[in-house]
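A look at the structure
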Amino acid sequence: MLKIYSDAAVSPKEKIAGAGLVIVGENLYEQLAIPLSSMEDNHLAELLAFSHAVNWPIEQQRTDEWTIFHTDSQLVAEAIKKNHIKNSLYLETFQSIMQSLAALSFYEIKWIPEKENKGADNLAKQALAKQRKSRK
């Protein structure tokens, strides 16, 4: 079983964002801080972070494992469970996520409170810090 925690952090003033992933499994603990392209929309950043989370088992050829995705974004969790997203700005990313989820044999999406997602949150903030450094 894999547990993947995702989160995003956005700095609207600087128009930068970052994604954080914590991946836990048997003999596995991986942390990823991923800079995201220019953006100022937190919901889109959360969707992109979740997209990275969903693609991780595909890239690692672990699509047959039970995977539990944890997100503190209600928008992400509800959109996936309902297989629908209202805002057309998010549609392309949402459709990509749904296509990637179809490649997984067994998965579950769990919404968790922010306080239970500190690891992914810290990594998302590290991705922001990396971008700030590279701009100087």
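Located above this text is the structure these notes cover.
Residues numbered from 1 in each chain as written. Predicted model: local features only at pLDDT ≥ 70, side-chain atom pairs only at ≥ 80, totals over all residues. Heavy atoms only, no water.

To continue, consider the overall build of the protein. Counting its secondary structure elements, the protein contains four helices and five strands. Ordering the α and β elements of the protein from the N terminus gives β-β-β-α-β-α-α-β-α. With the C-alpha coordinates of the protein rotated into their principal frame, the extents come out at 45 × 35 × 25 Å. In the protein, which comprises 136 residues, the proportion classed as buried is 46%. Of all intrachain contacts in the protein linking residues separated by at least 6 positions in sequence, the fraction that spans at least 24 positions is 70%. Of the roughly 7600 Å² of accessible surface on the protein, a fraction of 48% belongs to carbon and sulfur atoms. Looking at charge distribution, the protein has the averaged site of its 16 positive side-chain charges lying 7 Å from that of its 17 negative ones. (Helix = DSSP H or I, 4+ residues; strand = E, 2+ residues; numbered from the N terminus. Buried < 20%, exposed > 50% of the residue type's maximum accessible area, 1.4 Å probe, protein only. Contact = heavy atoms within 4.5 Å. Areas by Shrake-Rupley, 256 points an atom, 1.4 Å probe, with all protein chains shown as cover. Lys, Arg positive; Asp, Glu negative; His and termini not counted. Charge placed at Lys NZ, Arg CZ, Asp CG, Glu CD.)

This brings us to the sheet that holds strand β5 (residues 106-111). Reading across from one edge, β3-β2-β1-β4-β5 is the order of the five strands in this open sheet, with mixed pairing throughout. Two strands in the sheet have a free side with no partner beyond their single neighbour: β3 (28-36) and β5. For this sheet, the mean inter-axis angle between neighbouring strands, taken without regard to orientation, is 20°. Summarising the sheet, strand β1 (residues 2-11) and strand β2 (residues 16-25) pair through nine bridges and their orientation is antiparallel. Residue pairing in the sheet places Lys 3 in a bridge with Val 24 of β2. On the sheet, helix α2 (residues 74-82) packs against β4 (66-71) and β5 and is oriented at approximately 140° with respect to β5. (Pairing = 2+ DSSP bridges. Axes fitted to C-alpha atoms, helices over the stretch in contact; angles between N-to-C directions.)

It is worth spelling out the pattern of salt bridges at this point. The final tally for this structure, using the stated rule, is four salt bridges. Across the salt bridge formed by Glu 14 and Arg 132, the nearest N and O atoms sit 2.8 Å from each other. Here Glu 14 is found in the loop between β1 and β2, whereas its partner Arg 132 is found in helix α4 (residues 118-135), with 118 residues between them in sequence. Here Arg 132 falls in the partly exposed class, since its relative accessible area comes to 32%. Linking Lys 125 and Asp 121 is a salt bridge whose minimum nitrogen-to-oxygen distance equals 3.1 Å. (Salt bridge = Lys/Arg side-chain N within 4 Å of Asp/Glu carboxyl O.)

All right, on to a nonpolar patch on the surface then. A surface patch of nonpolar side chains, amounting to about 330 Å² of accessible area, comprises Met 1, Trp 66 and Phe 106. Looking at the element boundaries, Met 1 is found in the segment before β1. Residue classification places Met 1 among the exposed positions, given a relative accessible area of 52%. (Patch = residues over 30% accessible without salt bridge, like charges linked within 9 Å, V, L, I, M, F, W, Y side chains within 5 Å.)

As a further point, take the environment of Leu 128. Topologically, Leu 128 is positioned in helix α4. The spacing of Leu 128 and Gly 20 is 108 residues in sequence and 10.0 Å in space, taken between C-alpha atoms.

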